[in-house]
Structures are given as C-alpha cells and as structure tokens.
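So the chains spell out like this:
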Amino acid sequence: AKNFTNALNRKRPIEAMRDDRRKSVTSTKLPKCLTTLDLTSLGVGSCGGTGMYVVSGMVAHEIAGPGVVFSFIIAGLVSLLSGMCYAEFGVRVPKTSGSAYTYSYVTIGEFTAFFIGWNLVLEYLIGTASGASAISSMIDSLSNQTIGHWMVLHIGKLPSIAGHDNPNSYPDFIALFIVLVMTAVIAAGVRNSVIFNNALNVVNILVWLFIIIAGICFADVENWRKYGGFFPHGWSGVLRGAATCFYAYIGFDIIATTGDECKEPHKSIPRAIIYSLAVCMTCYVTVSAILTLVLPYTLIHEESPLLDMFNHVGFWQAKYIISVGAFASLVVSLLGSLFPMPRVLYTMASDGLVFRFLGNVMKYTETPVIATVISGSIAAILALAVSLRDLIEMMSIGTLLAYTLVCLSVLLLRYQPVVLQTSPKPKKIITLNITKQMIVLKPSGHNYGTINDESKSDLDDQQKILAETWRRIQLALYPPLQHIKYTLDGWMIPIRMCLGIPPKTKHLIYKAWWAMLLLSFFIIILLVLILLVCQQPQNPTRLAYMAPCLPFLPICAIWFNTYLMLKLSAITWIRFIVWCFVGLFIYFGYGVWNS
C-alpha cells in the first residue's frame, strides 16, 4: 500500500523539465517554429469572440447596465491573477505541451496531474463541439431557419440529455462536417494552423475597429446618465456581471500547451499570456462601452446586441460586416479549443499515463496526427448528437479546476526549500536559516563556513529526527482529535433542532445571526492562515518572471475560481463525475503501470 501511494504521488523533477536532455526522455518531435506574436494570436483567438458578440449584451441588459464596463475590467483582472501564475510556470517549466497537467506533475504528483489532464481533454472536447454547433446555428440563422426546419422534418428531433426539450433541436451534420474540416487543418501542421488563426484574427481586429469607429458616430452620453445612471443595479450588479464576464476570458491556457513548439518558451509564454489577456480586455471593455452609449441598456438585445444596435440607429448595412466578424470569431474560437487537445494527449502519452500510440508524431506534418484525429472524431460525434444548450452547460468546470491547481502549484513551489545537491563547481559561501523544519539557503558576503559532505549528513540526520518527532506527535494527537470530532458531530443535531435551523436555506441572504457569525468565524480563520503563510520563508531562487504579491495573488485566484465552480449546475457536476470515473479506469488499468 505504501509503494502504491508513492506511485500516485511521484513527481517529475522540475530540473529535468528545463533541461534540453528531456528530449531523450519524451522523444519530442514537434517543430520549434512559434513566436511570441503567434502565441498571442492563439490566446486572443481562443478567448475572443463571445465577450464582444454575446456576453456584453446579455450582462448589460440583465445584470449590470452600463456598469458592464467595470464587470469586464474586474473579470479581466481576476483572469490576470491566474494568468500570472501560468506565466510563472511558463518560465519554470517552459519546454512542455502539457499546460496545467505538467505543472501539477512537477509540484503535486502524478495522480493529480492525470486528473487535471483528463479533465482538460473533456473541456477541449466540449469547447470544440459547442463551437461547431454555434457556427452551424449561425449558418441556420442566415438561412432564416430553413436548414433547421428541413432537418427536423426529414431526420427528426434530437433528444435532450438534460431535460431541455427543444422542438428545433436536430442531429447537426453541419457541425459534424465543420469539426472534421478543422481537424484536417490542425493535423496539416502547426505552421498552417497558426497562419489560418492569424488571418482570422486580422479579420476580428478590423471588425472591432469598425464597431468602435461607427459606434462613436451614434454615441450619446445621456444613455449613461438616464435610466438609473451608470450603475442601475448597484455594485452588486457589477460583481454579478463580472462572474459571467469571467467566462469570456477562458482560453488563454492554450498558450501553455505550445512549449515544445515555441522558439523561446521561457520568454514567449509568459509574455503572450499577459498580452493576450490585455488585448481581450481592451476589446471587451471598448465594445461594451460603445454598446451602452449607443443604446439604453434596457433596449439592448441579449442574443445579437451589435446587430440590433446598428439596426436600431438605421445603419442596417453594418449587419454584413458584423456577421463576417462573428463568423471569423467563432471559427478561431473553435480552432482554439481543438488545437491544444491533441497536445495535452501527446504529453500524457509521452509520460505513459494514457495509451502511448497517442504520442506518435507524423514525420511529414510534425504533428500528433493520431491524437488529433481521434480527439477530433469524438468532438464531431458530440457536435452531431448533443444540442448546443446541453454542451454549454457542460463547459468550464475542468478549466476552472486547472486554473485553481496551477495557482496552488505556484504556492507550493515558492515555499519549497532549496534541495542541497553535490556539484563539481567551486563551493559557494552560504548561510543556513533553519525555520520550522525548512532549510533555506541565502547568499551572504560573510564567511560563516562552507557546506561539506559531513555537514550535509548532519543536516539530513536533523531532518529525519524532526520528521520522526512530528510523526509521533500526529499519532499521539489523532485519537483525541477524532473523539472530539465525533462528539461535536453528535451534538450538532440537537443544537440545530433547538435553534430551529433548517437543513437547506439561503441563510446568508436573509442575514440569519448564526450564519453571519459562522461567516465571520471562517473569514477570521482564513486571514490567520494567510498570515501564517506570509511568515514562512520563500524559496530564494529567482526567475526571469515571478508572479507578484505572493501569497495573496494565487489565493485570490483560487478563491474566485472555486466560487465559479460552485455556481455551476448539478447536472454539470454529475457529468464531470462520470467522466472522472472513466479516467480512473484508464489510469489504474493502464497509466499507473506504464508511467
């Protein structure tokens, strides 16, 4: 049992991930041809689109009014928290295509890494299928629903897997065809995929400039003063809108899957993550500002806000340009979901956690063709057989979980002690500060002595003694702590009955005294724990880029990502659990024995 547990927690050495000799371990065959501009374009394409063409109108009309501008700013800053953690890992572990999977592998352990990688694959599958379904829906709208009516009449309706009975839902063969075409584009080579992505992004930027310039001509500042002012629903509406706007920024992690194909990953990956988020935030904020300046927020159309905006002011010719931009945005977003999926599978297969044939790279195209074709085919089947509404409900949970664990991994690495290693290089003068069982090395100009093999042995003995002492303390405290826990659990039932506390109620909304007391209690505990973390000595190793404001930045990102995960529907969690069981079957049946 101990050996099996050690196998689940084994880690990939981070030094080996930085070393060029890693190629001999994973047989990397992917070409190094991507620049910082290419990676930024991939990130912008993966994130961009939904915020401008859908989310801005929905949040402005229903939730925040003109305050949607601040909703996008807040959501962008929160996304930047996770982006900074990704950027630091891009410097620490640049030569990888595994994104959050590899980051977890070098910090937390193999089982957690597989869990994250497996759920990233799920999110990319659903993102690809939903993107293709959205493009198909747009084509159907341009045909005035002629295609949909013909499909329902001659093929039949598509049953919903979530209880949403939609009479207009049908087997989407157009979405199937779109996914297969995009799979062929991805399999043709990374250079071809990036050129296609860059061309579509140029179209998106041109359409964005058109929206801003044309919108300014019809802007009316009075729309920000009337109808309840700039914050008609208060700051609470702005914050609720930020939770929805956050999903418009999801997708920048595609950049972290290109480490094996980037010319200078340690520089390009962190820069591209920051640049892409900045570009997306600029686009979202400016478009939402124009939207609420041209129209009162009560008149904004939820599903097609930009088309309706220009129609309302009489500039109906703009709908053709907006349609081109929306189509290009959806296609590039689909590319952003399909592009990283085979690369995560390729990295996991190279590590032996999934079937190794998925890691084969075709010599001619220099892409993991088998992983690309298999993942694309599964996504095509999902697009054919699952309605767009059901697909949308299944999104985001894996990505948010990956963001959370990347932030946690940064915390773990920044507070890990330096490992003493023998080296043929001349010995450097260092001081030793032993604090809370953690040895930290600090350069010093004072000669306190050098560390030799004998002193290292003494330090190892001291660490073993401390570890054994702590283990005995835990064994001594475990029985009484468990007894206290069981006693409190037994007391809680009569206490709840005496206080009249029902099992499920929105207590905080109604400001029940005991709920507010518990909330205050847990906030105090959280603050105390953060202060304790702040007192710990950090690893003195310096990198080209490091996430600032530790430990507050990753802790805030973890909190917000967890909050958003808990806002997802129950059916999403059920599907997530089913997918996890499938992954556990593969890992314990194959991965743990072939790692």
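Below you will find a few notes about this structure. Given the structure is predicted, the values throughout are model-derived calculations rather than measurements. (Residues numbered from 1 in each chain as written. Predicted model: local features only at pLDDT ≥ 70, side-chain atom pairs only at ≥ 80, totals over all residues. Heavy atoms only, no water.)

1. Side note on the packing of helix H8 (residues 110-142) against helix H16 (residues 340-350)
Our working definition: To define axes, lines are fitted to C-alpha atoms, for helices over the stretch in contact only, and angles between the resulting N-to-C directions are given on a 0 to 180 degree scale. Numbering goes from the N terminus for both helices and strands, where a helix is a DSSP run of H or I of at least four residues and a strand is a run of E of at least two. Between 65 and 115 degrees an angle is taken as roughly perpendicular, under 35 as roughly parallel, over 145 as roughly antiparallel, and anywhere else as oblique. The hand of a helix crossing depends on one turn: near helix anticlockwise from the far one by less than a right angle means left-handed, and clockwise means right-handed. When checking whether two residues touch, look at their non-hydrogen atoms; a contact exists if any pair is within 4.5 Å. Each residue receives one of three labels: charged for Asp, Glu, Lys and Arg, nonpolar for Ala, Val, Leu, Ile, Met, Phe, Trp, Tyr, Cys and Pro, and polar for the others, Gly being one of them.
Where H8 meets H16, the axes come as close as 9 Å, and the angle between the chain directions of the two elements is 155°. Accordingly, the angle class assigned to the pair H8 and H16 is roughly antiparallel. Judged by the sense of rotation from one axis to the other, the crossing of H8 with H16 is left-handed. Contacts from Phe 114, Gly 117, Trp 118, Val 121, Tyr 124, Leu 125 and Thr 128 in H8 reach Pro 340, Met 341, Val 344, Leu 345 and Met 348 in H16. Of the residues contributing to the contact of H8 with H16, the split by class is 10 nonpolar, 2 polar and no charged.

2. With respect to the packing of aromatic side chains
The cut-off we apply is this: Pairing of aromatic rings covers Phe, Tyr and Trp, the last through its six-membered ring, and needs centres within 6.5 Å; plane angles under 30 degrees mean stacked, over 60 mean edge-to-face, and all others mean tilted. By the criterion adopted, a ring carries a charge over it if an Arg CZ or a Lys NZ lies within 6 Å of its centre and within 35 degrees of its normal.
Within this structure, the stated rule accounts for 33 aromatic pairs. Between Phe 111 and Phe 588, the aromatic rings sit 5.9 Å apart at their centres with planes inclined by 35°, giving tilted as the arrangement. A residue pair is termed long-range when its members are at least 10 positions apart, and Phe 111 in helix H8 and Phe 588 in helix H23 (residues 570-594) qualify at 477 residues. These aromatic residues form a ring-pair network of at least three members: Phe 4, Phe 111, Phe 114, Trp 118, Trp 579, Tyr 587 and Phe 588. For the cation-ring pair, Arg 343 lies above Phe 339, with the distance from its terminal atom to the ring centre recorded as 3.9 Å.

3. Section: the pattern of salt bridges
Should their charged atoms come close, side chains of opposite charge can pair. Where we set the bar: In what follows, salt bridge is the name for a side-chain nitrogen of Lys or Arg lying within 4 Å of a carboxyl oxygen of Asp or Glu. Three exposure classes are used, based on accessible area relative to the maximum for each residue type with a 1.4 Å probe and protein chains only: buried under 20%, partly exposed in between, and exposed over 50%.
Overall, the coordinates contain 4 salt bridges when judged by the stated rule. Residue Arg 414 pairs with Glu 88 through a salt bridge whose shortest N-O separation is 2.7 Å. With Arg 414 in helix H19 (residues 397-414) and Glu 88 in helix H6 (residues 68-92), this pair connects stretches of sequence that are 326 residues apart. Under the relative-accessibility criterion, Arg 414 is labelled buried at 6%. With a shortest N-O distance of 3.0 Å, Glu 222 and Arg 225 are connected by a salt bridge. Overall, Glu 222 belongs to the partly exposed group, its relative accessible area being 29%. On the accessibility criterion, Arg 225 (58% relative accessible area) is exposed.

So yeah, pure geometry; function would need other evidence.
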